Amino acid sequence: MSYKIPLFDLNFDEKEAQAVAEAIKDNWISTGPRCTAFENRFATMLNVNHAIALANCTVSLHLAFKLIDVKPGDEVICPSLTFAATVNAIRYVDATPVFADVTSYELPVIDPEDIRRKITAKTTAIIVMHYGGFACDMDSIMSIANEFGLKVVEDACHGPLSVYKGQKLGTIGDVGCFSFFSNKNISTGEGGMLVTNNSKFNDRARLLRSHGMTTMSYERSKGHSTTYDVVELGYNYRMDDIHAAIGLVQLDKIEADLEMREEVRKVYIEHLKGIEGIIIPFLNYSEFSSNYIFTVVLKNSDIIKRDEVRNKLAEAGVQTSLHYPGVHNFSFYKDYYVDLPVTDYLVDNLITLPMYSKLTKEQVIYICDMLKASL
Ligand SMILES: *Cc1c(COP(=O)(O)O)cnc(C)c1O
């Protein structure tokens, strides 16, 4: 079945295809000048010192925990209302995820008070996820981190160019991680970026993304060096120039794309605000957001009612989703299970509605009407 209105649509045209064709014609398709250009433009847009292009965000999260030196047995405080990769990365370095609840139905981002309650002698880091492109309470989180000497990783996959008190998301903690998976604000198919202001982290991330080798093929092809050493256990976590070529075109479009998403959100809010039975998270949010997703929370509801509403929307041709099922509920994480009352309610009563820049006003109004009818 194909939906009348999908959850997401790519902002692609012939320019992405041309950029890929040009990369191929230039005869260099692995990590090279297009990756460097993509990194430089991304760093400039975020006003951050270093951006390192990677194969995806999951490996960026893995490198983040390596860079901040999280060791086996360390505890890392994390949200559960996120994509599994946020938490899987903690397990890649054999550390222990300690789930914290989100603040409220209106603010479904990690709760600084719950972070504070969950700190133990073993805690070494906090990972936050800026849900939907809306910032966590970074002032409180950074001050807790400073108080206890903890490092902070930002999973900023939802928030490219989102702002928190004058700073771009991903540039406030020690390391920020971004995804360019196809359904993200910036799409390259697969792709990711690690950003940091720490030059030592930058140097080490560049080693780790390419087998711990001191030079890369492109440099050798240009005669800048003829040999290399392997100085630590690295990985192949590189982006290639074909993906970077798409990324560069996407960066040309991102600002206009995000402006259109803001308009989409406004139309949603205008048509849903008065409805008794729903909460719109981040309703009074005043800073610039990337609006990665638009979610509503059903009041006085349960999973059966929520799924009925989703089914009715599907019958009306509207695709919906759930961000997210809650990582602490997955069977792989049963040993780390804790009660998270706010997250648990959201997991059962949240609905993600379509959000992308090409959505028309008429389509958004149709979705709102169908949602009202199904409540
Ligand atoms: C998409 C996403 C990831 C994973 O990104 P990949 O590039 O697919 O590895 C991690 N965290 C969050 C919050 C995401 O939305």
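Throughout what follows, the structure given in this document is the object of discussion.

Reading guide: rules and limits
- Residues numbered from 1 in each chain as written.
- Predicted model: local features only at pLDDT ≥ 70, side-chain atom pairs only at ≥ 80, totals over all residues.
- Heavy atoms only, no water.
- Axes fitted to C-alpha atoms, helices over the stretch in contact; angles between N-to-C directions.
- Helix = DSSP H or I, 4+ residues; strand = E, 2+ residues; numbered from the N terminus.
- Parallel < 35°, antiparallel > 145°, perpendicular 65-115°, else oblique.
- Left-handed = near helix turned anticlockwise from the far one by under 90°.
- Contact = heavy atoms within 4.5 Å.
- Nonpolar A, V, L, I, M, F, W, Y, C, P; charged D, E, K, R; others polar.
- Pairing = 2+ DSSP bridges.
- Expected span 1.5 Å × (residues − 1).
- Polar contact = N/O pair within 3.5 Å; in protein donor to acceptor, adjacent residues only side chain to side chain.
- Buried < 20%, exposed > 50% of the residue type's maximum accessible area, 1.4 Å probe, protein only.
- Near = heavy atom within 4 Å.
- Areas by Shrake-Rupley, 256 points an atom, 1.4 Å probe, with all protein chains shown as cover.
- Phe/Tyr/Trp six-rings, centres within 6.5 Å; stacked < 30°, edge-to-face > 60°.

1. Overview of the packing of helix 3 (residues 57-67) against helix 4 (residues 84-92)
When two helices pack together, their arrangement is given by the angle between their axes and by how far apart the axes lie.
In step 1: At their nearest, the axes of helix 3 and helix 4 sit 9 Å apart, and the two run at 45° to each other. Considering the angle they form, helix 3 stands oblique to helix 4. Regarding helix 3 and helix 4, the two cross each other, and that crossing is right-handed. Residues T58, L61, H62 and F65 of helix 3 lie in contact with helix 4, whose contacting residues are A85, T86, A89, I90 and Y92.
In step 2: By residue class, the composition of the contact of helix 3 with helix 4 is six nonpolar, three polar and no charged.

2. A word on the sheet that holds strand 9 (residues 192-196)
Strand pairing in a sheet takes place through backbone hydrogen bonds and is either antiparallel or parallel in direction.
In step 1: With mixed pairing, the seven strands of this open sheet are ordered in space as 1-9-8-5-4-2-3. Each having just a single partner strand, strand 1 (50-54) and strand 3 (96-100) make up the two edges of the open sheet. Between one strand axis and the next, the sheet turns through 20° on average, direction left out of account.
In step 2: Contacts from helix 4 reach strand 2 (75-79), strand 3, strand 4 (123-129) and strand 5 (151-155), with the element oriented near 150° to strand 3.
In step 3: Helix-sheet contacts for helix 7 (residues 199-208) involve strand 1, strand 8 (175-179) and strand 9, and the interaxial angle to strand 1 is about 20°.

3. Comments concerning helix 9 (residues 241-272)
In step 1: Here helix 9 contains 32 residues, and its C-alpha end-to-end distance of 43 Å stays within 8% of the 46 Å for a straight helix at 1.5 Å per residue.
In step 2: N-cap assignment for helix 9: the residue whose side-chain oxygen lies 2.9 Å from the backbone N of I242 is D240.

4. Some remarks on unusual backbone geometry
In step 1: Between H323 and the following residue, Y324, the backbone shows a cis peptide bond with an omega angle of 15°.
In step 2: Structurally, Y324 is set in the loop between helix 10 (303-315) and helix 11 (341-349).
In step 3: Backbone geometry places N47, a non-glycine residue, at a positive phi of 55°.
In step 4: Position of N47 relative to the elements: it lies in the loop between helix 2 (33-46) and strand 1.
In step 5: Positive phi, close to 50°, is recorded for N291, a residue that is not glycine.
In step 6: Counting through the fold element by element, N291 comes out in the loop between strand 10 (278-279) and strand 11 (294-298).
In step 7: Exposure remark for N291: the relative accessible area of 2% places this residue in the buried category.

5. Some thoughts on the site of the ligand
In step 1: Taken together, 16 residues are adjacent to the ligand, and C57, T58, D155, S179 and K184 come closest.
In step 2: D155 is positioned such that a nitrogen or oxygen atom in its side chain is 2.8 Å from a nitrogen atom of the ligand.
In step 3: Side-chain polar atom of S179 to an oxygen atom of the ligand: 2.7 Å apart, as the coordinates give it.
In step 4: Considering the ligand on its own, with 390 Å² of exposed area, one finds that the protein chains cover 93% of that surface.
In step 5: Of all the elements in the fold, those that place two or more residues in the shell around the ligand are helix 3 and helix 4.
In step 6: Class assignment for the residues of the shell around the ligand results in seven nonpolar, seven polar and two charged.

6. Remarks on the packing of aromatic side chains
Centre distance and the angle of the planes are the two values used to describe a pair of aromatic rings.
In step 1: Applying the stated criterion to the full structure yields 16 aromatic pairs.
In step 2: Ring centres of F134 and Y285 lie 4.9 Å apart, and the angle between their planes is 90°; on these two criteria the pair is classed as edge-to-face. One end of the pair, F134, is in the loop between strand 4 and helix 6 (138-148); the other, Y285, is in the loop between strand 10 and strand 11, with 151 residues separating them in the sequence.
In step 3: Under the relative-accessibility criterion, F134 is labelled buried at 3%.
In step 4: Given a relative accessible area of 24%, Y285 falls into the partly exposed group.

7. Looking at the sheet that holds strand 11
In step 1: With respect to topology, three strands assemble into an open sheet ordered 10-11-12, the strand pairing being antiparallel. Taken across any chain shown, the strands that pair with only one partner, and hence form the sheet edges, are strand 10 and strand 12 (350-353).
In step 2: Sheet topology places strand 11 next to strand 12; four bridges connect them, and they run antiparallel. Within strand 12, the residue paired with T295 across the bridge is T352.
In step 3: Across the sheet, helix 10 is in contact with strand 11 and strand 12; its angle to strand 12 comes to roughly 20°.

8. As for the environment of N236
In step 1: With respect to the helices and strands, the residue N236 is situated in the loop between helix 8 (217-221) and helix 9.
In step 2: Here N236 falls in the partly exposed class, since its relative accessible area comes to 44%.
In step 3: Residues N236 and E113, spaced 123 residues apart in sequence, show a C-alpha to C-alpha distance of 38 Å.
In step 4: When neighbours within four sequence positions are excluded, N236 is seen to be in contact with R209 and H211.
In step 5: Among the polar contacts listed, one links the side chain of N236 to the backbone nitrogen of R238, at a separation of 3.3 Å.

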